[in-house]
Amino acid sequence: CLPLLLDVYDLLPFDNPDGGPWKQGFEITYKGDEWSEQPLELFLIPHSHNDPGWIKTFDAYYHDQTRHILDNMVVKLSEDSRRKLIWAEISYFSKWWNDIDDQKRAAVKRLVEAGQLELVTGGWVMPDEANSHYFAMLDQLMEGHQWLQKHLGVKPRSGWAIDPFGHSPSMAYLLKGAGLHNMLIQRVHYSIKKHFAQQQTLEFLWRQSWDSSSRSDITCHMMPFYSYDVPHTCGPNPAVCCQFDFQRLPGRRTFCPWKIPPKPITDQNVQERALLLLDQYRQKSRLFRSSVLLVPLGDDFRYVESSEWDVQFNNYQKLFDYFNQHPELHIKARFGTLSDYFQALHQRLSTTRTTLPKLRGDFFSYADRDDHYWTGYFTSRPFYKRLDRKLEATLRATEILFSLTLAEMRRSHSDGRLAENFPAREYFQWLTTGRRNLALFQHHDAVAGTEREHVVVDYGTRLFQSILNLHQVLQSSAHWLLLLDKSQYHHDQSKPFLQMDEVISAQDALPQKTTLSLSLEPRSLIIFNPTEQLRTSVISVVVDSPDARVVDAETGRQMAAQISAVWAEPNQPSTDTFQLSFVAELPPLSLVVYHVTKESSGSTPRARYTVHRRGNPPDIHTEHFQVSSLQGSEADAPLSLSNKHVQIWSSPETGLLEKLRLQSGLVRKIQVQFLWYGTRTGSRDKSGAYLFLPADEGAQLYTSSEPPLVRVSRGPIFSDITSHFPHFTHTVRLFHLDGHAGKSLEISNLVDIRSQVNRELVMKIVSDVASGNRFYSDLNGFQMQQRRTLAKLPLQANFYPMTSAAFLQDSMSRLSLLSAQSQGVASLKPGELELVLDRRLQQDDNRGLGQGVTDNKLTASLYHLLLEDRGVGGASVDHLSLLAHLASLSLCHPPMTMVAPSNSQLPKLRPFQPLQSSLPCDIHLLNLKTLEDTQEAALFLHRKGFDCSTAPKPAPQCTWSEHEEVTTHSPFI
């Protein structure tokens, strides 16, 4: 049984005694003869950490700093073959490559071939590992690796992640799968670092939680000290190490806060300086099992000026020459790359027959000092965390449909060519830009929400523009696939044949439905199912008629539908627009055509409304809908909704959920509450973009000056309860569907806290599930991780990232919450889940940003809540249930609706159905993406682990691959 990081958490006291020069550590001692048989082998690794956006935008950083660093790199490394540099961010490297001439490119290739320049990790960015979804983490890694393969012909061998605010095993898994064998991490809780240093386990084999073999193992080096800058990397004493950052020499741009400046190395002082530095190297070496030592030399945006290269390399070379000329010191020192280090490490481990420990788990949540936990950024700027996932879903859907379109075109032409007027090259460029804009946003200061306000706008504009462009590719691909007569295809960018039914007007605006004008002539709706499963979905569009009919265009079958009000104000339904919702049967990856026509009055079932506000009943007038109020004892009875699978009860005063009963008879208390967190007062540190430092009193129950307006809607397709509070609108919805889609509740919030000061809004779920101090949250939508709420830790330490799922369970039942966006989550008491919805903070939290978070938007969040009976047979590794996987799939990849023009002369459209059947329901089609030459596509399948103790009844309409191999050709027609 391998050590779990969870067990380390149980073990440690998480106290913070003063460790002396190494404040968060301990005094390190050595005798001096430890290296007499195996000399200390030192690799000094020059690096420059270039954030693709933070205080400045990506382009501003590139123009002001990054291009100069890379220009100087070519010159300065070429001057001396002993000099080295590692570089991580391919987003910057590729931009610079486009700007340089062939002569400089040839010089770069020579430096790479000579091992002087190493491209580490090879991702487009150094991604956030808390908020990023694994689709985007993998996509940014591929984008960088494909670029490197094409332009430099190299594959990265080692990973370098010095600045993400906590580390996920999902990243380790992706790196191993991409062919890397080693990785380095830095931002880990200081108590964990200290414990690992004491145990000499700072280098370990990181293994995935489900893996019983060593297949997923990757060698991981954890940096032991506070930061990745020079003062905190040569050894435990920053006051000494700072004296060896020669960029801080007197008269240069930066200085040593410990007030002992560096000195230039001369013949007169080289011995004294070398021995002072060697002492730090030796102390650091005692924290590791081998005598091979890694010491970084760099910081943010270092080596901009030519002179910095000179002072660093020249002074260190003098020190190295001294070391190497004095064998009695037992140190061999040189500049190196990350791969140089790991190669020497493995060689030394092999020679000495030393093994590294194995470890499972993750490194969340991170604290860098005191009780300063970096758990705020799990939620900061939630509007853009939601937009990130919107682009991700749009990109994936477009990738798949574009790839299928090219394949169909080649199949329809005997010579394999594409349709002449289909702009495949231009569309591929838009896809590439979409990939790269999504990739850029995975940067650890982007999706994290820890960048300056104008940088947020720059990222948002990129995401928004890519969504618009990808919609055009999607529309045009669907247009060609649907045409019965392909010769009728005509590309007109200014007047596309199909339009999305949702439009986004600006980078900081929520999507809005366009209103469809109906008549007796059929209006074509095209629905694309971007998932690999047959699904029954409720499709909603806004129309200008209170009566409409929807038929399947192919079969003529009428679809079950309902008309609901469009509420312009909480108590004011629109008089000229209406929501038409219908049940669509969507085969996997299909494009299905529906016809919508205006109908005679009263022919379409309409939602019925009950509207209530305690003490101040609203006055609502509408000619199209039945609206009633709660009278007498009704006003005190719980509000109730039900479908074939579940029944819910809500508070008549607030409309918020209180209880849920399954068809099996299982009843659970499940209450929804809302809370405020404030921040600390006085001169103490306060919450900001990174940190969550709540006020001493903890969370306060949300209250408003008057009761909320509660609106209950009942219809044949869905029923819901909406509560209008001053700072949020909350809706819980039940779908009246036969399949698994009807088993979960849809919960949506529309949040606006722009009037607040230093407040964070939380949605809390209180249940009677006896979960103890344990709950589970996902890592990157890829795997589930057990969490233990510990009383010895401060409140903010018990919050964790939730990218797409969390659950509570006991022996009887499991309560899963699935989300369409990432946020922070905690379970501070048994049976409870807290989700942070938005945070508005007036001050900087002293981590370099220099701003609070006050650019809040009107923000939407979306969830599915699923209660399941539990039986026996649960695996030792915790996974989502099969039903939760399917619910998450439909939540993250909703059907996409397109509208054809209202024109009776439309060409004949035929539905497109590329799969004969659904894939097994534990197989997720992660992507089908066209590669560089548009001649090939890459198919990505992910087999998901699922928990067997919550088998759904009746079973879903798909098989699973437990006893069968998946053949990739058989499902495709």
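Before reading on, note that the structure itself is shown above.
Counting starts from 1 at the beginning of each chain's written sequence and moves along it residue by residue. Reporting of local features is limited, given that this is a predicted model, to residues whose pLDDT is at least 70; pairs of side-chain atoms are given and counted only at 80 or more, and all residues count toward the totals for whole chains, interfaces and linings. Side-chain numbers here rest on the full set of heavy atoms in the structure, without hydrogens or water.

## Points about the overall build of the protein
Across its full length, the protein holds 15 helices and 45 strands. Relative to the compact-globule value of 30 Å for 973 residues, the protein shows a C-alpha radius of gyration of 30 Å, a close match. Here the term buried applies to any residue with accessible area under 20% of the maximum for its type, exposed to any over 50%, and partly exposed to those in between, with areas from a 1.4 Å probe on protein chains only. Counting all 973 residues of the protein, 63% fall into the buried class. Any pair of residues with heavy atoms lying within 4.5 Å of one another is described as a contacting pair. Pairs at least 24 apart in sequence give 74% of the contacts found in the protein among residues at least 6 apart. Under the convention used here, Asp and Glu are negative, Lys and Arg are positive, and both His and the chain ends fall outside the count. Where a charge lies is defined by one atom per residue type, namely NZ (Lys), CZ (Arg), CG (Asp) and CD (Glu). One finds the centroid of the 99 positive side-chain charges in the protein at a distance of 2 Å from the centroid of its 107 negative side-chain charges. A helix here means a DSSP run of H or I that spans at least four residues, while a strand means a run of E at least two residues long, and both kinds are numbered starting from the N terminus. C-alpha atoms define the radius of gyration in this analysis, and the globule rule sets the expected value at 2.2 Å times the number of residues to the power 0.38.

## Some remarks on the environment of Arg-549
Counting through the fold element by element, Arg-549 comes out in strand E19 (residues 548–552). The partly exposed category is assigned to Arg-549, whose relative accessible area is 30%. If near-sequence neighbours (up to four positions away) are discounted, Arg-549 is found in contact with Gln-558, His-595, Val-596, Thr-597 and Glu-599. Here a polar contact means two N or O atoms within 3.5 Å. Within protein one must be a hydrogen donor candidate and the other an acceptor candidate, and residues neighboring in sequence count only if both atoms are side-chain atoms. A distance of 3.1 Å separates the side chain of Arg-549 from the side chain of Gln-558, its partner in a polar contact.

## Points about the state of the cysteines
The disulfide definition used here is simple: a pair of cysteine sulfur atoms within 2.5 Å. Counting across every chain of the model gives 2 disulfides. Covalently, Cys-234 is tied to Cys-241 through a disulfide, its sulfur atoms 2.0 Å apart. One disulfide, between Cys-234 and Cys-241, carries an S-S torsion of -85° and so falls in the left-handed class. Across the pair, Cys-241 and Cys-234 agree in class, each one buried. Note on cysteine connectivity: Cys-242 is disulfide-linked to Cys-256, with sulfurs 2.1 Å apart. Note on the Cys-242 and Cys-256 pair: the S-S dihedral is about -105°, so by sign convention the disulfide is left-handed. Residue Cys-242 is located in the loop between helix H8 (238–241) and helix H9 (270–285), and its partner Cys-256 is located in the loop between H8 and H9; the two are separated by 14 residues in the primary sequence. Accessibility expressed as a relative area gives 6% for Cys-256, which makes it buried. Distance from the sulfur of Cys-948, which forms no disulfide, to the nearest cysteine sulfur (Cys-921) is 12 Å.

## Considerations on the nonpolar core
In this text, buried Ala, Val, Leu, Ile, Met, Phe, Trp, Tyr and Cys residues form a nonpolar core when linked through side-chain atoms within 4.5 Å. One finds Met-73, Phe-93, Leu-117, Tyr-281, Tyr-316 and Phe-363 to be the most contacted residues of the largest nonpolar core, which totals 230 residues. Leu-525, Val-543, Ala-561 and Ala-565 belong to the second-largest nonpolar core, a separate cluster that totals 29 residues.

## Considerations on the layout of surface pockets
Of the grid points, spaced at 1 Å and generated over the protein atoms alone, those admitting a 1.4 Å probe that cannot get out make up cavities, while open sets with protein on both sides within 12 Å along at least five of seven lines make up pockets; any residue with an atom within 4 Å of a point is treated as lining. Grid points are joined across faces, edges and corners, and a volume is the space filled by probe spheres set on the points. Computed from the structure, the second largest pocket encloses a volume of approximately 1,200 Å³. Forming the boundary of the second largest pocket are 46 residues, of which Tyr-173, Phe-782, His-942, Arg-943 and Lys-944 lie nearest the centre. Where the lining of the second largest pocket is concerned, the elements lending two or more residues are helix H5 (134–151), helix H6 (169–177), helix H12 (382–412), strand E36 (783–788), helix H15 (882–892), strand E44 (923–930) and strand E45 (937–943). The dominant element in the lining of the second largest pocket, judged by the number of residues it contributes, is H5, at 6 residues. Each residue receives one of three labels: charged for Asp, Glu, Lys and Arg, nonpolar for Ala, Val, Leu, Ile, Met, Phe, Trp, Tyr, Cys and Pro, and polar for the others, Gly being one of them. Its residues assigned to classes, the lining of the second largest pocket comprises 22 nonpolar, 14 polar and 10 charged. The domain limits used here are those given by an automatic or database domain assignment. In terms of domain composition, the lining of the second largest pocket takes at least three residues from each of domain 1 (5–363) and domain 3 (671–873).

## Here we look at the packing of H5 against H6
Direction vectors running N to C along H5 and H6 enclose 35°, while the axes themselves pass 11 Å from each other. Judged by the sense of rotation from one axis to the other, the crossing of H5 with H6 is right-handed. Two secondary-structure elements touch here, H5 through Tyr-134, Met-137, Leu-138, Gln-140 and Leu-141 and H6 through Met-171, Leu-174 and Leu-175. Residue composition of the contact of H5 with H6, by class: 7 nonpolar, 1 polar and no charged. All axes are obtained by fitting lines to C-alpha atoms, using only the stretch in contact for helices, and the reported angles, taken between N-to-C directions, cover 0 to 180 degrees. Handedness of a helix crossing follows the sense of rotation of the near helix relative to the far helix, less than a right angle counterclockwise being left-handed and clockwise being right-handed.

## Side note on the sheet that holds strand E6 (residues 203–207)
Strands were regarded as paired on the criterion that DSSP finds at least two bridges between them. The 5 strands lie next to each other as E4-E5-E7-E6-E10, forming an open sheet whose pairing is mixed. Edge positions in the open sheet fall to strand E4 (158–161) and strand E10 (358–360), since each of these has one partner strand only. Across the sheet, the mean angle separating the axes of adjacent strands is 30° when strand polarity is ignored. Pairing between E4 and strand E5 (residues 182–185): 4 bridges, direction parallel. Residue pairing for E5: Ser-158 is matched across the bridge by Asn-182. Across the sheet, H6 is in contact with E4, E5, E6 and strand E7 (218–222); its angle to E7 comes to roughly 130°.

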